[in-house]
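Observations on the model geometry
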Amino acid sequence: MLSKPVNRRSALAAMGLAGGAAALAACTGGTGATTAPSASAAPPASSGAPASASASAAPSTSAAPAANVEKELYMYNWSLYVSPDNMDLFKEQFGVENFVYDIYANNEVLLAKLAAGGGGYDIAAPTAEYVPGMVEEGYLSKLDLSRIPNTQYINKTFKNLWWDPTNEYQVPKDYGTTGILYMKSKLSKIPQSWKDFYEMIKGEASGKTVFVDSMGDVFIFPLKMLGYSLNSVDKDELEAARKILLEVAPHLYALDSDTYQTSMKDGVASMTLGWTGPLGQELKPEKEAGEAGFVNPSEGTLFWLDTWVMLADAPHPNASYAWLNFVHEPEVQGEETNYNAYATTNDAAKAFVDPAILNDPAIFPPDDIVAKLEGAEDTSGNNQRIEIWEEFKQAIGG
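The shown structure was predicted, so the numbers you read here are calculated from the model rather than taken from an experiment.

Digging into empty space enclosed by the protein
Regions of empty space are outlined by a rolling probe, equal in size to a water molecule, passed over the atoms. A complete count under the given rule lists two cavities of 30 Å³ or more for this structure. Within this model, the largest cavity holds a volume of roughly 470 Å³. Elements supplying a minimum of two residues to the lining of the largest cavity: α5 (107-115), α8 (215-225), α10 (260-265) and β10 (301-310). Its residues placed into classes, the lining of the largest cavity shows 14 nonpolar, 13 polar and eight charged.

As structure tokens, this is what we get:
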């Protein structure tokens, strides 16, 4: 846990973009489709030109020489968040024999591991608002960007932001929203709002609803339903959120960030407060059949950005730099998006992304959804939130 909250303004506000609309519109074209370049705007998403044309026009790239790359890489990451094909390709290309991929359920678990001095990991993927506190605590290595030339492909919208103004401690990974995953045949209707979600948890989806095990994401639901900022630390607003969370807790099936997609696929869960990723993985057949889907609730929700960082005293620094550059090779990054179904920050990669994903409004939201998105502040050190979170967890399924 961080020693104190960062108490920064929201990520999207830091971009100087009201409601976040301009930020993501620069990347999605406002409709999930892409737009032509503008001299006054950040580089937009690719127009979906044929991969061969994009590849031939792409700048040349480089990486650390294979001879200098250690034979091991230790990664600490969210579950199902890197393409296995890309891991195999990385091992083959750089001669890495042992690629360790351990998982954490949320940012708090990552921080607790680092605070305890455990791990010995090279690379992690914290959410952006946690980066300043990790720098403050000495958990991160300062990056030599000359060794990561593929950062040239990252849209300028995601650079020079408050959590890392000089881009020296993180490399943008993926971005997305927190919303409602559903299985259509298990419900009488598709929830369109947090209010719908609230009523359905207590009714037809009682005992069949999962929340991801992430404090910041869970607080979005009651706070936005009540019309408050998802970053609220106001005592009365948090108390109102507490009452709602304790009301729904006995109706929840589980608090689970790692296997909720399996619960949905197996029919055990009909709704999840979560992310879009499973729609591109375990729930992909159900999505293609129109059974599984994702809703960004009408009251608004969170815009989040995950990042790549190299941890302090990383035991394999050359392999770490090789990975950070490799993963932003356009074709490699395109495979990442095709695998994890989260929006890429890499413009050149979009030529290699499945058009069905690139034009999916759940992944690249349209203007009306973008206008209601709110960026995150680090509220992880707020004692009232922590106390409510612990009380809520104890009440689940009770």
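Now that the structure has been shown, the text picks up again.
So, helix α9 (residues 235-248)
Over its 14 residues, α9 extends 20 Å from the first C-alpha to the last, a length consistent with the 20 Å expected when each residue adds 1.5 Å. Turning to α9, its buried residues are L238, A241, I244, L245 and V248. Buried residues along α9 cover an arc of 120 degrees about the axis, so they all sit on one side. Residues of α9 that are exposed and point over 90 degrees away from its buried face: K235, D236 and K243. Against the buried residues of α9 lie α7 (194-202), β6 (209-211), α8, β7 (252-255) and α16 (383-395). Residue D234 occupies the N-cap position of α9, its side-chain oxygen lying 3.0 Å from the main-chain nitrogen of D236.

Digging into the pattern of salt bridges
When the charged atoms of two side chains with opposite charge come close together, those side chains can pair. By the definition in use, this model includes 13 salt bridges. K224 is the salt-bridge partner of E374, the closest N and O atoms lying 3.2 Å from each other. On the criterion of sequence distance, the pair formed by E374 in strand β12 (residues 373-374) and K224 in helix α8 is long-range, its members being 150 residues apart. Across this residue pair, the class does not change: E374 and K224 are buried. Notably, a salt bridge pairs E286 with K265, separated by 2.9 Å at the nearest N-O pair. Of the two residues, E286 sits in helix α11 (residues 284-288) while K265 sits in helix α10, which places them 21 residues apart along the sequence.

A closer look at the nonpolar core
Counting 110 residues, the largest nonpolar core has F90, F197, F211, F221, W308, W323 and F392 as its most contacted members. Those residues in contact with W323, other than ones at most four positions away along the chain, are L73, M75, V82, N86, F90, F99, I123 and W308.

Quick look at the environment of E331
Tracing the chain through its elements places E331 in helix α13 (residues 330-340). In sequence terms E331 and A348 are 17 residues apart; their C-alpha atoms lie 8.3 Å from each other.

So, the sheet that holds strand β9 (residues 292-295)
Taken in spatial order, the five strands of this open sheet run β7-β6-β8-β5-β9, and their pairing is mixed. Pairing within the sheet leaves two strands with one partner each, and these edge strands are β7 and β9. Adjacent strand axes in the sheet meet at a mean angle of 20 degrees when their direction is disregarded. Here α7 sits on the sheet in contact with β5 (179-183), β6, β7 and β8 (271-274), set at roughly 135 degrees to β8. Running at roughly 115 degrees to β8, α8 makes contact with β6, β7 and β8 of the sheet.

Digging into the environment of L145
Topologically, L145 is positioned in the loop between α6 (131-136) and β4 (171-177). Residue class for L145 comes out partly exposed when judged on its relative accessible area of 32%. When the C-alpha atoms of L145 and L324 are compared, they prove to be 10.0 Å apart, with 179 residues separating the residues in sequence.

Things to note about the packing of helix α4 (residues 84-94) against helix α12 (residues 317-326)
It is the contact of α4 with α12, at a shortest axis distance of 11 Å, that shows an interaxial angle of 125 degrees. By the criterion of interaxial angle, the relationship of α4 to α12 is oblique. In this structure, the crossing between α4 and α12 has a hand that is right-handed. In this structure, α4 uses N86, L89, F90, Q93 and F94 to contact α12, whose residues at the interface are A319, A322, W323 and F326. Considered class by class, the residues forming the contact of α4 with α12 number seven nonpolar, two polar and no charged.

Quick word on the packing of α8 against α16
In contact at an axis separation of 11 Å, α8 and α16 are set at 90 degrees when each is read in the N-to-C sense. Between α8 and α16, the crossing angle belongs to the class labelled roughly perpendicular. Of the residues in α16, those touching α8 at M215, V218, F219 and L223 are R385, I386, I388, W389 and F392.

What counts and how
Residues numbered from 1 in each chain as written. Predicted model: local features only at pLDDT ≥ 70, side-chain atom pairs only at ≥ 80, totals over all residues. Heavy atoms only, no water. 1 Å grid on protein atoms, 1.4 Å probe; cavity = no way out; pocket = protein on both sides within 12 Å on 5 of 7 lines; lining within 4 Å. Points joined across faces, edges and corners; volume = space filled by probe spheres on them. Helix = DSSP H or I, 4+ residues; strand = E, 2+ residues; numbered from the N terminus. Nonpolar A, V, L, I, M, F, W, Y, C, P; charged D, E, K, R; others polar. Expected span 1.5 Å × (residues − 1). Buried < 20%, exposed > 50% of the residue type's maximum accessible area, 1.4 Å probe, protein only. Arc of directions from axis to C-beta. Contact = heavy atoms within 4.5 Å. Polar contact = N/O pair within 3.5 Å; in protein donor to acceptor, adjacent residues only side chain to side chain. Salt bridge = Lys/Arg side-chain N within 4 Å of Asp/Glu carboxyl O. Core = buried A, V, L, I, M, F, W, Y, C linked by side-chain atoms within 4.5 Å. Pairing = 2+ DSSP bridges. Axes fitted to C-alpha atoms, helices over the stretch in contact; angles between N-to-C directions. Parallel < 35°, antiparallel > 145°, perpendicular 65-115°, else oblique. Left-handed = near helix turned anticlockwise from the far one by under 90°.

Structural measurements only, silent on function.
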